[in-house]
Each structure stands twice: as C-alpha cells, then as structure tokens.
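# Results of the structural survey
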Amino acid sequence: MDRSWISNPDRISAEYVAGVNQFLQIARETVDATGCTLCPCKNCINRVKRHIGEIRRHLLHQGFLSTYTVWVEHGEVDHSEEQAHESFADEMEEAFHDATRDQYFDICSTSDMLSPEQPADSERYDNLSDQLKTPLYDGCNDTISALTFVVKLMHLKVLNKWTDRSFDMLIKLLQEVLPAGNRCPDSYYSTRKMLCDVGLGYEQIDVCKYDCSLFYGEYSADQDCHVCGTSRYIRKKIPHKRLRYFPITPRLKRLYSSKSTATLMRWHKKGRVVEPGVLRHPANGEAWQNFDLLNEHFASDPRSIRLGLAFDGFNPFGNMSTTYSMWPVVLIPYNLPPWKIAVKTNYMLSLLIPGPKSPTKDFDVFMRPLIDELKLLWNVGTDCFDAHEGKMFKLFASVIWTVSDFPAYAYFSGWSTQGKLACPVCLEDTRHMSIRGKQCYMGHQCFLEAKHPWRNRKDFDGTIKVRPPPHRFESSHILAQLDAISPRQPGKAPSNLSWKRKRLSSELNWLKKSILFELAYWSSLKLRHNLDVMHIEKNVCDDIVGTLMDIEGKTNDTLKARMDLKDLDYRHELHLDLDGKRKPFASYTFTKEECRGFCEYIKAVKLPDEFVSNIGHCVIENYKLSGMKTHHCHILLQKLLPAGIISFLTEPVRKTLIEFCQFFEKLCARTLRVDELREMQRSIILILCKLEKIYPPAFFTIMVHLCVHLPEQAILGGPVQYRWMYGTERLQPDGSIAEAYVIDEVLTFLSRYMTNIETRFNRTERNWDNSTLNSVHVLDVFSAQFRSLGANELKELGDQRRKVHWYIVNNSFDETVRNYIDEHKSNLLAAGYSINELHIAQEEQFLGWFHDKVALQKQANPSTITEDLYSLAVGPEERYFSQEACVVNGIRFRSTVHDGLRTQCSGILNLAEHDGIDHMFYGVILEVMEVVYIRGRKVLVFRCQWFELMPNSNSIFDQYNMTSINIKSSWYEDQSYILATQARQVFYLPNLERGDNWKIIQKVSHRHLYDISVSTVDDIDENTIDDNDDDDEILPPLQLNTTHVEPLSLVRHDIAPIHFPDQFFVELNILGPKLLHNDHSDGDENEDSVHTDDDNIS
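The notes below deal with the structure included here.

Thresholds applied
Residues numbered from 1 in each chain as written. Predicted model: local features only at pLDDT ≥ 70, side-chain atom pairs only at ≥ 80, totals over all residues. Heavy atoms only, no water. Pairing = 2+ DSSP bridges. Helix = DSSP H or I, 4+ residues; strand = E, 2+ residues; numbered from the N terminus. Contact = heavy atoms within 4.5 Å. Axes fitted to C-alpha atoms, helices over the stretch in contact; angles between N-to-C directions. Buried < 20%, exposed > 50% of the residue type's maximum accessible area, 1.4 Å probe, protein only. Lys, Arg positive; Asp, Glu negative; His and termini not counted. Salt bridge = Lys/Arg side-chain N within 4 Å of Asp/Glu carboxyl O. Polar contact = N/O pair within 3.5 Å; in protein donor to acceptor, adjacent residues only side chain to side chain. Phe/Tyr/Trp six-rings, centres within 6.5 Å; stacked < 30°, edge-to-face > 60°. Lys NZ or Arg CZ within 6 Å of the ring centre and 35° of its normal. Parallel < 35°, antiparallel > 145°, perpendicular 65-115°, else oblique. Left-handed = near helix turned anticlockwise from the far one by under 90°. Nonpolar A, V, L, I, M, F, W, Y, C, P; charged D, E, K, R; others polar.

This part is about the pairing of strand E12 (residues 391-395). Taken together, the five bridges between strand E11 (residues 382-386) and E12 define a ladder with antiparallel strand orientation. Bridge pairing in E12 links Asp 383 to Lys 394.

Structure, rendered in structure tokens:
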C-alpha cells in the first residue's frame, strides 16, 4: 500500500486528506471503551490517546509522524521481521558457500575437537548444508535453522563477553524451554564443534624438549629428536611441547572469497591516490616502491599480498602466573586501506609458540613451517577464487618486513640487541661507551655534518668528534658477515656445547643467520626489520619522567651516574662531594614541591572523550608516577609533559625536553611528508646532542639512541601506525587459545555477511553519529551527520531566530542557495549600497527576500523548488532542543556545563575571517542547539564563547612551539553561532607559568579518522575519512633552539645538595673507578677479541 502521502508537505492536498481518511478507517478498529486510540501526529507520536475527530485535526494541522509507515499500534502486522529472517538465511547460505568452497579451498581442520577420522571436504560441506536447511525444531520457522541459531548465539557470546559457564547455563535453559527433539546444542563444546567445520583449523606439531627441532616433515614420525636424541614424549604419547601452526594459504584465499574484502585488497593499487612526497600508507614508502621495482612479476597484479610479520609474547594465565609465556606470530595484510590495516579482525595468527620461556636463539626452529609455506607462496603461488571478478587467479604473497619489540628484533634479525654493539642499524659502527654497570650510547655529534661547529666541542661527552657518521651497510656486506658465522647447533640440550659458545670478534653481534634469508627476496629489502616506536616512546618517557621525579629504579641520575662524570673528568659541578657526602642538585630534576605541582597538574588535567584512560590514577601518594601503560606514556610524552614542565626546570633544559617530545608528536602523525622527515632527521641529531650536554651518560640507553634512526625508517616504511606494536600487543586470544582463535576466525568471516543482526562489523560504535538520519536530504545543512546525547530541553529561539537562520543559510555550500545569495547581493549593489554596507544590509534583508522569492517560485512552478530548499526558505520553528552533548562525524562534543569530571569535550577551533583575513578562532561550546525546520529537517548548531585573540595582541602567545591564549576576555559575542560540522575539536591545558587565565592549546587527532585523498574503491567506509584539508597540517614544523647549555646551568644553586648516608659512599668506594672503553675516540684500537652471547635476550 502506497503511503508516500505521509511525507507530503501539502496537508490540504487531496492525496494527503485521502491518506488521513484511510488511516482513520483502520484506526477506528482499535479504539478503546472511551472511543480513543493513539494519535500518530508529530507532537503526540503515538504516546497520547485521543478521539478520532481530534486525531484528524492533529494530522491535518501538525502532520503525520514520518517514520510511522507500518501501523502496528493500530492493528497492522509488521512483516519486516519475517523478511529479515529470510534475508539472514540467504546471507548465511552465501557465507557458508564462500567459506566451504571445496573446489577452491583445501580445508583440513586439525582441531583437537575433531576426531582422528575427519570427514572429507565434500562430506563436511554436505553436513553444513543439511544443518543450514534443518529447522531448529519441528514446527519452527524455516528461516531459523540449527546452524543459523548457533551462529547468532555465538555472536552474542563473543560480543558480550559471556563466560563459558554462563553460556552452558543458557544452553541448559534453552533445552528446557524449546520443544522436545530440538536440535539446539547441549553444551558450549558441542556449539564450537559444529562451527569448527566452517573454520580452517590448525596443525599440531610436536617440539623437542630442548627446542632442538620439530617433529615435522620428514621427521614427523620420529620417536626421538634427530638433533639431541631426546625422547619425543613425556609418557604415553604426551609430547613435551606442541607448536600450533595455522596454515596461511587458505586464510589468504579467504580474503578473496568474500566480496567485502576482495575489493578492499586492491586498495593499495586501485584506491590509493599517489601524492609525491606524502606518506599516508606503507605503499607510499620507499621500501614498498623499491620492492615493486625489483619484483615486477609480483607487483604487476594488485592482488598479490604483502604481509608484515609480527611477534610478541604474553602470559596466557594473566596474573595467575609470571613464569609462563606464549609467543604468537601474527601476519598483517598491508594491501588493505589504512583504516582496515590495524583492525584486529584482519590480523592472522600463524604460529603459537609454546612456553614456558622465550624461544630466544632457537626462534628459527619454530618458524620452519611458516617459512616453507611462504616460499611456496612466492615461488609457485596458489590457485585462488576472486569473488570480486568471479574468476580464478594465481595468488602470490610475500613478507615485506617484521614488526616486534626490541628484544624480539634479535630473534628475527639474528643481531643481538644487547651489549656494546646493540644498535641493529649502526651494526659494527655503533658508538658505545662502557660506564659503571652498563653500556651507554653517546657521541651523536658524529651524525652532524663534517664542518658543523659542535663537532669541535668537548662539553658534550668530553671528546672531539672527527669520525664520520656510522656506515650504512649494504645487503652484500651483511650477507658476507653472515656467511662467516660458525654454524651453531640449535637447542638447549645439555650436550649442546654451542648453545653458550663464545662469539669470535669477526662475528660481531651476530647470533645466527636468520631463517628469513631463505626467502628469495629478503636480502633485497630496504627495510627488513622495524624499530618499534611504541616501546621506544615508552622507554624514553620512563627515562625522562623517572629522572625528572627521581623515581627509584627509573632515574638515570644515580650515584653511579655521578661517578661516571668523575671517571670521564668533565662536568665537574655535578661531581659527588665525597668529603661532605653530598650530591649537587641537578637542573634536570624536580624538587619535592615541583614534583607535587606536576602531579597535581596531571591529576587535574581534562582530556577529550576516548583520548586516554584516566592518567591521574598513575599518581601515587608520594607524588610520583607509577603504573603507566604504553598509551599513557604516548599521551604524556606528546601532549602533557611539554605543557607541564613550562613552569619548572631551567629554560635551556626545558626547551630541549619539549623539542624531544614534539619530535615524537610529529613522527606519529598519520600523514607524513618526506621533506619534513628529512628535516626531522637533522633535528633529532641536534636534540640528542643537546641532551648529551644536559644528562649524564647513564641516561643514553640504547632506546634513546634508536630515536636517531626513526625518521629514516618512516621515509622507508611510511607512517608508524602500521609498523608499531599496539595492534599486536592487544591481540591476545583468551581461553583455549588455538580453539578460541579458530572459532573467532569463523565468526569474523560470517560477520561480513550478516546485516540484520549485530556483529563486530556492524555493531554501533560508542560515538556513532546516526549517519542515516539526514541521508535523504539534498542540502548540505540538512544532510549533516549527528546524534544528540542526553536529556534535551525545549527552548524558545526568540531574538536568536534571525541570527541562527541567517548563519545557517549563509554557510550553506549548496550551489542553489549560493545563487540566491549572489542574486540578492547584486540587487543590493544595483540599489546603491556600498561594499561596506553590503554585509549588514544583506543580513537584515535577505531572509525575507529569500522566503518570498522561493514561495513565488513554488507557487508558479512547484517542481523547481525542492522540499529542502522550501524548508530552508520558510525558516526554523520558534522552538529548538537544547542538548547536553552530541556526536558529529564520530566526534563527541559537550557544552561547558555538561563537561565530565575527567573529560573535556567543549573546546573548539573554527577558521573564519577577521577584518578580511583568515583567522583561527578558539573557544568553548556554551550550548548544543538542535534547530528544527518544517517537515522534520534538523540542523545542529553550536552557540559558542570565542576567546578574544586579536592578531599581534598580548592575548595570544607562542612559546616553545606551543600556543597559549588568554581566556579572560571574549569577542564576537553577537556572532557566537557555528554549524556543528564546522567545529574542530581542541582541548586546553593549564599554563602553569602564566596563571589561571592562560591555557595551552592542544589539537586533537582522532584515532578513527584518516586524512586520505578521494578513493576509487567502491566499498569505502566514509565514516573513517576526514576530508578536512588542514588535517595533515595540524602540527607546526619543529623549531629548534640551537643555543648551547652553559655548564653552570646544570646545577640548581638555589637548592641544597642532597645528603646520603655513609653506606652509599662506602659501596661506591668499594666499586672504585672503572677503566672506560670509549669508542668515541678516533683511534683504531681493537675491541675485545671475544664477545659473549647474552642468554637472557628477552
């Protein structure tokens, strides 16, 4: 039945009146004893009962509720649910067909849950097909089969994180409720077993007790290890260890078996817009492009898959045990667009290495099955069905780099990341120095240009730098070194003497030749292993904060560090006073009062919604910071620390630390530019040199040194977001890990086909913006995506109505509206108004002229005036909804009144004109206004307070590359409205140096928004795209202070030296001075002829 009349704006038309009469005829059947029924007008919205005559008047005067098209409150039956079930059944049939395409997949589930006599693929497919067609119980709706019921039930468990016990209890209840003879599984075990047939399974490979070898391939039937001779089993076919291997070939094929992913797997070639010098995706990096040039046969097909190989350990027992760890090896497909790469569901688990300890130097033993499969995928490829094109093709795959934390870097690369030569980029040319109890890595002056004046100064680390920068070693040089390594027998068997053998000087820090070199292309890669920015940032933050706040166990300003200065014979003002048993108070540490002030600043700071968990909880009783996670350190280093130390420390120390923090902020941007990265490469060298002038040698751990290589790796690999460990560290399967992963893999695949139930792909996000609300409208002001939050209050626009309406009309980008504005402007000019008078005259006269003009045109020719245009011309209703908060384009905003105790969502930035010049307006949201136009159209408007920031005035102040503003005064109070879509979110941090009225502006880069140029891929998620052209310019370039730090500024003379008990100095005297091996000197003295492997790499 056609009910389009409901949205007809002409309520006196014959069509609308006939529709109302038709409704009333049906509604009369549902009247109660008083002759009343629910009224579906726009005001009553089926909540108030009225008499039929009164309902008719309401519908003719106020309009029919536009969303009420199925009159279920008045006796009609909604058939949409049945259609949804039928649609779901069709979707499941398609999903199972793609998942079990037996002519394209070699599915061989080897799950523990399946019996040794596993059914053939065709039999498994038949079983699944029968379960899909068999109803849950006799007499049940045909669309609810046993299999679809299980899929829905498992989705509820996964999405809501039910425990296995609670799931079993629900199953028992369902068994009691459902009719006898139902086909509902009787337990969680049975449910998972049913879904295992859809999964791709995994292989179980026994491992030698001492990690010498795998019982795999030609050794799969052996009873004893062919390397050390140890028995395979503990007893009765129970192996010592068992490796879980998840074959990657069928999993890669499955990426192309679903249309939803087959299209996105071409994004790197078909959807990515090439912008010279701009890095938004790994494909923009030099390493990817060089790989394509060297391997044209591989790169010619955009469907060839490029993978990242990630590795990390975790404790499967949580806090129950600290002695056992497992080590998953994960593959990351980089063909996908940026907003899909880091999604957990796109990661593929390939190996689950058993514990209880790290595999250390025997990591390659466990990698053997994966390497064999990767070699086949490179040399031979595999036949694969492309659901996007509907035909077969030959699929190839390659690993383009590895992603791991620094200890695991040694497992992948074979270069030990400990000892004197710990830097895996500088290799044998690592600049190191042995100090008391540790190694430090200084001498960054050698990275400067040959004629740079800082090379000739001794006040950095006590030496003059003549040596050139560390050599960049080519692959041929590295391969020659690896070929010279003496072969080592794998395993930790007591009889294996090579396990703890000493390395020869010619072997440098090489532990082994990595198994990855068996891949034909591996030696030609420009970036084989990534330095993990996440862990580097975490360690640098801990070093800085630990030293600033003198946190025990984390500070680098220890008594030993001061003795190092005496041993090196420089910075005498920081030397320990052994006679008075005193330590001079350094300028790079906080006093107790400053620690208290900094901690109170951390506790009081408010950050935007979903920015970081409450960092104030990391402040402990004695005004120290403790328990900070990696993301806490990420936010603290980049956002909070630079603003928090402005009022503390001496200016040279403060400047250098802020520059160091801003380096990381610039490096972690989603959009990078090659020219800026090259400048950052020069900047980080200067920053590290300045830090060497401030901190003792103990501060310069290997993590601090690795910062010098990060810009170069960004040029090669692209943005760091796709090459750090955040995604991998959060990928920790629960429960029975291998089985849980297989089930999760099945549900992930099937989720792509489900549209009528909530899944991990279509579930509503917390900051969902109701993107379908205004999608039917033509005008841009009515089609904006937003969602109102919290309680609303109905208010009168009053005198604001004309200003709000004018702002909305004047800020529409629609061509039709602009034409009206231009026509009216021409009329005013023709009437004799000057340019200076034009703006005021148009604001006063346009709205009336616009209303009359559109009304006349609609009367003359209704088809030329759209409903949106007519609604805009009529103007907003007198009343509007005042909201507590809203979500606009996935970003949560609140008014200042409703900002949370720990969150700040009211700060905004808007680019507008001031005196004819573009100007940044900073302010806060005073009110969120949902302005209502006729026919149900809505516009979200912010009423704001703009802080007075006159150009070249004292109300805005740039310091240390940060902008501070005075919020005491306001301006543009008569122009306080903006469209919600125009607002850019910022937050304000207190400027502790300048007082309460001064705030430091921090701009927000939202994790779910990506600055990507227009794509040609069909299946693109527009909610992830930020089309604001200024987004990649959000961070200013680094502006370094290149002045020297004078020696006297390193001691706080206003603070008394710290006294220590006698036992501290007795210990130092027992240790005595230590002979220093300084590799900074320009002599050619040889290193020790023997290097010892470090057994505790992890």
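Along the chain, Gly 355 connects to Pro 356 via a cis peptide bond; the corresponding omega equals 10 degrees. Its place among the elements puts Pro 356 in the loop between strand E10 (348-353) and helix H14 (363-379). In this model, Tyr 960 sits at a positive phi of 55 degrees, which is unusual for a non-glycine residue. Of note, Tyr 960 is situated in the loop between strand E26 (956-959) and strand E27 (962-966). A positive phi is found at Asn 961, a non-glycine position, where the angle reads about 65 degrees. Looking at where Asn 961 falls in the secondary structure, it is placed in the loop between E26 and E27.

Attention shifts here to the sheet that holds strand E17 (residues 529-530). The seven strands lie next to each other as E3-E6-E10-E9-E8-E13-E17, forming an open sheet whose pairing is mixed. Each end of this open sheet is capped by a strand with a single partner; those strands are strand E3 (203-207) and E17. Most of the contacts of helix H8 (residues 249-257) go to strand E8 (residues 305-311), to which it runs at about 130 degrees, and overall it touches E8, E10 and strand E13 (397-404).

Moving on to the side chain of Asp 814. Among the secondary structure elements, Asp 814 is positioned in the loop between helix H27 (800-810) and helix H28 (815-830). This buried residue, Asp 814, is left without a salt bridge; Arg 818 holds the nearest opposite charge, at 8.8 Å. Beyond its immediate chain neighbours, meaning those up to four positions away, Asp 814 contacts Leu 779 and Asp 780.

Our next topic: the side chain of Ser 404. In this structure, Ser 404 sits in strand E13. Taking the relative accessible area as the measure of exposure, Ser 404 reaches 1% and is therefore buried. For Ser 404, the side chain forms a polar contact with the main-chain nitrogen of Tyr 409, separated by 3.4 Å. When neighbours within four sequence positions are excluded, Ser 404 is seen to be in contact with Phe 311, Tyr 409, Phe 412, Asn 530, Asp 532 and Met 725.

The next thing to look at is the packing of aromatic side chains. Overall, the coordinates contain 49 aromatic pairs when judged by the stated rule. Taking the centre distance of 6.0 Å and the plane angle of 40 degrees together, the rings of Phe 598 and Tyr 601 count as tilted. Taken together, the positions of Phe 598 and Tyr 601, both in helix H19 (residues 592-604) and three residues apart, correspond to about one turn of that helix. Residue classification places Phe 598 among the buried residues on the basis of a relative accessible area of 1%. Seen from their ring centres, Phe 699 and Phe 700 are 5.3 Å apart, and the 85 degrees between their planes marks the pair as edge-to-face. In terms of burial, Phe 699 and Phe 700 fall into one category: buried. Taken together, the aromatic side chains of Trp 5, Tyr 16, Phe 23, Phe 64, Tyr 68 and Trp 71 make up a single cluster linked through ring pairs. The ring centre of Trp 998 lies 4.4 Å from the NZ or CZ of Arg 994, which sits over that ring.

A few words now on the packing of H19 against helix H20 (residues 630-644). As a packed pair, H19 and H20 sit with axes 10 Å apart at the nearest point and diverge in direction by 130 degrees. One element, H19, and the other, H20, form an angle in the oblique class. With respect to the hand of their crossing, H19 and H20 are arranged in right-handed fashion. In this structure, H19 contributes Phe 598, Tyr 601 and Ile 602 to the contact, and H20 contributes Leu 636, Leu 640, Leu 641, Ala 643 and Gly 644. Broken down by class, the residue content of the contact of H19 with H20 amounts to seven nonpolar, one polar and no charged.

What follows is about the pairing of strand E25 (residues 938-947). Counting buried residues in E25 gives seven out of 10 residues, a clear majority hidden from the surface. Here strand E24 (residues 917-933) pairs with E25 via nine bridges, running antiparallel. Of the residues in E25, the one forming a bridge with Glu 927 is Arg 943. Of the pairings in the sheet, the one linking E25 to strand E28 (residues 970-971) comprises two bridges and is antiparallel in character. Bridging from a neighbouring strand, Trp 946 pairs with Trp 971 of E28.

Any functional reading would require information that these geometric values do not contain.
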